[in-house]
Amino acid sequence: MNITLEPLAAEHLPDLTALWSDPAVIRWTNIPHLCGREEAAYRLDQLRKCQASLPGPTIFAVLRDGKFCGIAGCPPVDTAQGTFGLFYQLLPEAWGRGVGTAAAKLALEALTCRFSVSTVYADVAAGNVASIRILERLGFQRTAVRTGAFQRDGRMMDIWDYTRTFV
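Residues numbered from 1 in each chain as written. Predicted model: local features only at pLDDT ≥ 70, side-chain atom pairs only at ≥ 80, totals over all residues. Heavy atoms only, no water.

### Quick word on the environment of alanine 122
Line of reasoning, step 1. Positionally, alanine 122 belongs in strand S7 (residues 119–125).
Line of reasoning, step 2. For alanine 122, a relative accessible area of 8% puts it in the buried group.
Line of reasoning, step 3. In sequence terms alanine 122 and valine 145 are 23 residues apart; their C-alpha atoms lie 12 Å from each other.
Line of reasoning, step 4. Contacts of alanine 122, omitting those with residues within four sequence positions, involve Leu86, Leu135, Phe140, Trp160, Asp161 and Tyr162. (Helix = DSSP H or I, 4+ residues; strand = E, 2+ residues; numbered from the N terminus. Buried < 20%, exposed > 50% of the residue type's maximum accessible area, 1.4 Å probe, protein only. Contact = heavy atoms within 4.5 Å.)

If you want it as structure tokens, here you go:
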């Protein structure tokens, strides 16, 4: 299994539409409903805009053996302070195969090679055990619990905030 990243681009729109229209994928995200092509195009545009002023990409398509299987990246929070976020979203066929850990690790490596990074933040719904394991495996520490901060299908869940410091 060969996991690689490539900068997120307009040609990824069909793959992103498939990703964000999958109920299993958006279950653990802040995406409120399944996305059609128009909404996926808007989300892609927002992701590209948030890094447009940066000297290099921070959000990537994740490829497994050359085939799109998700996205991962580190959008800027405050580049002057060296703070970024971390997120990843994968198609279900990539789950449980180490792809999430590899993609998140590669995204962090790309970030720290291009930028002066002090802190990377991530958050996860408390029930998303796979993402919790990925973050902890990569050295993130839980810093807060936001009780009832996430609602999905009429259920309120806690959000766990994570931080990794680079100094």
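Text resumes after the structure shown.
### Quick word on the packing of helix H1 (residues 13–20) against helix H3 (residues 37–49)
Line of reasoning, step 1. Here H1 crosses H3 at 110°, and the two axes come no closer than 9 Å. Between H1 and H3, the angle falls in the class roughly perpendicular. Seen from above, H1 lies across H3 with right-handed handedness. Side by side, H1 and H3 meet where Leu13, Pro14, Leu16, Thr17 and Trp20 of the first sit next to Arg37, Ala40, Ala41, Arg43, Leu44 and Leu47 of the second.
Line of reasoning, step 2. When the residues that make up the contact of H1 with H3 are grouped by side-chain class, the tally is 8 nonpolar, 1 polar and 2 charged. (Axes fitted to C-alpha atoms, helices over the stretch in contact; angles between N-to-C directions. Parallel < 35°, antiparallel > 145°, perpendicular 65-115°, else oblique. Left-handed = near helix turned anticlockwise from the far one by under 90°. Nonpolar A, V, L, I, M, F, W, Y, C, P; charged D, E, K, R; others polar.)

### Notes on the pairing of strand S3 (residues 67–73)
Line of reasoning, step 1. With respect to burial, S3 is a largely interior element, 6 of its 7 residues being buried.
Line of reasoning, step 2. Here 6 bridges tie strand S2 (residues 59–64) to S3, and the two strands are oriented antiparallel to one another. By the bridge assignment, arginine 64 is partnered in S3 with lysine 67.
Line of reasoning, step 3. Counted between consecutive antiparallel strands, the loop separating S2 from S3 contains 2 residues, among which aspartate 65 sits at a positive phi close to 50°. (Pairing = 2+ DSSP bridges.)

### Describing the pairing of strand S8 (residues 141–152)
Line of reasoning, step 1. Bridging between S8 and strand S9 (residues 155–165) involves 8 bridges; their strand directions are antiparallel. Its bridge partner being in S9, alanine 144 is matched across the sheet by aspartate 161.
Line of reasoning, step 2. Counted between consecutive antiparallel strands, the loop separating S8 from S9 contains 2 residues, among which aspartate 153 sits at a positive phi close to 55°.

### Here's the deal with the sheet that holds S2
Line of reasoning, step 1. Read across the open sheet, the 4 strands follow the order S1-S2-S3-S6; overall the sheet is antiparallel. Both edges of this open sheet fall to strand S1 (3–7) and strand S6 (87–90), since each of them pairs with a single strand only. Mean inter-strand twist for the sheet, computed between neighbouring axes without regard to direction, equals 30°.
Line of reasoning, step 2. Here 4 bridges tie S3 to S6, and the two strands are oriented antiparallel to one another. The residue bridging glycine 70 from the neighbouring strand is leucine 90, located in S6.
Line of reasoning, step 3. In this fold helix H4 (residues 99–114) packs onto S1, S2, S3 and S6, with an angle of close to 50° to the strand it touches most, S1.

### What to know about the sheet that holds strand S5 (residues 83–85)
Line of reasoning, step 1. Taken in spatial order, the 5 strands of this open sheet run S4-S5-S7-S9-S8, and their pairing is mixed. On the outer flanks of this sheet lie strand S4 (76–78) and S8, each paired with one strand and no other. Across the sheet, the mean angle separating the axes of adjacent strands is 25° when strand polarity is ignored.
Line of reasoning, step 2. Pairing of S7 with S9 involves 7 bridges; the strand directions are antiparallel. Opposite alanine 125, over in S9, you have isoleucine 159 as the bridge partner.

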